[in-house]
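Fold and contact review
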Amino acid sequence: MKKTLFLLVLFFLIGISGSAQGIKFEAGQVLSSFKFSNSQGHDVTGLKPGAGSMVGLSLHWDEVKKDSTNRGKISLARCLNYDLGVRILAYNAVGDIQQAAFSYQSIFASLQTNVGYRIPVAFGTNINIQAIGSVNQILQGNQLVQNSYSDLTQDPQFNNLKLMAGAGVCLEKSFNNRLIASVGYQFQNTLNTKLSSGASINIQSNILAIGLRWNVN
């Protein structure tokens, strides 16, 4: 099922790549937090944020609105932009409950879309404010409790599709008409936290990323 889903996403991105104006590669660090509540609504304490990595490849589009007060000249302050791509992220956490140490180590695949509003600053730089949505599926994961491991891909708390939403901001620098570098921060939070058992799990991610975009059109 996961392999089929990945292939469908890949074919979809290839199919629409001809209309894209740019291709963007990103890499960065993820600080993730897991928040659990049991079926009685009591929070599970003892978890601490864990660090991981992220890589991503996305397609980029710009939609430049025209300023009617300036007879059709482009108003850069009204430039909307869109990204659609795939990411591989590590969501990790560590903790202890009643002196029993444990950790979560997991790899997720994500289909993510960003809607940005670009504001020019100076010297070829822009601030891009983004609204973010993503669908996430676990690919691999382990839970370590003391000296015992379990497979998180078989755990119903982790193996469902996780819908996440958030926001981000990045600073972009144009070196020429083709090459744009960026550094930014993104935050996302799980939307479908409730499980069939009545318990809930919420994954919060904080991502610091650097990127390179190559404009092809």
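Residues numbered from 1 in each chain as written. Predicted model: local features only at pLDDT ≥ 70, side-chain atom pairs only at ≥ 80, totals over all residues. Heavy atoms only, no water.

1. Focus: the overall build of the protein
Counting secondary structure elements, the protein contains 1 helix and 10 strands. Long-range contacts, defined as pairs at least 24 residues apart, comprise 67% of the intrachain contacts of the protein with a sequence gap of at least 6. A total accessible area of about 12,000 Å² is found for the protein, and carbon and sulfur atoms account for 63% of it. (Helix = DSSP H or I, 4+ residues; strand = E, 2+ residues; numbered from the N terminus. Contact = heavy atoms within 4.5 Å. Areas by Shrake-Rupley, 256 points an atom, 1.4 Å probe, with all protein chains shown as cover.)

2. What to know about the environment of N38
Positionally, N38 belongs in the loop between β1 (22-37) and β2 (43-44). Along the chain, N38 and A199 lie 161 residues apart, while their C-alpha atoms are 4.5 Å from each other. When near neighbours in sequence (up to four residues on either side) are disregarded, N38 contacts G198 and A199.

3. Considerations on unusual backbone geometry
At F123, a position not held by glycine, the phi torsion is positive, near 55 degrees. Relative to the elements of secondary structure, F123 occurs in the loop between β5 (100-120) and β6 (125-145).

4. Here we look at the nonpolar core
Counting residues in each nonpolar core, the largest one holds 21 residues, and the members touching the most others are F34, Y91, Y104 and F158. Where this core is concerned, the elements lending two or more residues are β1, β3 (47-66), β4 (74-97), β5 and β10 (200-215). F34 has contacts with L47, Y91, N92, A93, S106, F158, I201, N202 and I203, leaving out every residue within four places of it along the chain. (Core = buried A, V, L, I, M, F, W, Y, C linked by side-chain atoms within 4.5 Å. Buried < 20%, exposed > 50% of the residue type's maximum accessible area, 1.4 Å probe, protein only.)

5. Structural notes on a nonpolar patch on the surface
Taken together, Y117, I119, V121, I127, I129, V169, L171, V183, Y185, L208 and I210 make up a surface patch of nonpolar side chains, about 940 Å² in accessible area. Those elements that provide at least two residues to the nonpolar patch are β5, β6, β8 (162-174), β9 (179-190) and β10. Relative to the assigned elements, I127 resides in strand β6. (Patch = residues over 30% accessible without salt bridge, like charges linked within 9 Å, V, L, I, M, F, W, Y side chains within 5 Å. Salt bridge = Lys/Arg side-chain N within 4 Å of Asp/Glu carboxyl O.)

6. Overview of the side chain of Q186
You can see Q186 is positioned in strand β9. For Q186, the side chain forms a polar contact with the side chain of Q112, separated by 3.4 Å. (Polar contact = N/O pair within 3.5 Å; in protein donor to acceptor, adjacent residues only side chain to side chain.)

7. Considerations on the pairing of β5
Looking at chain direction, β5 and β6 are connected through 19 bridges and run antiparallel. Within β6, the position partnered with I119 by the bridge is I127. Hairpin connection from β5 to β6: 4 residues lie between these consecutive antiparallel strands, with F123 at a positive phi of about 55 degrees. (Pairing = 2+ DSSP bridges.)

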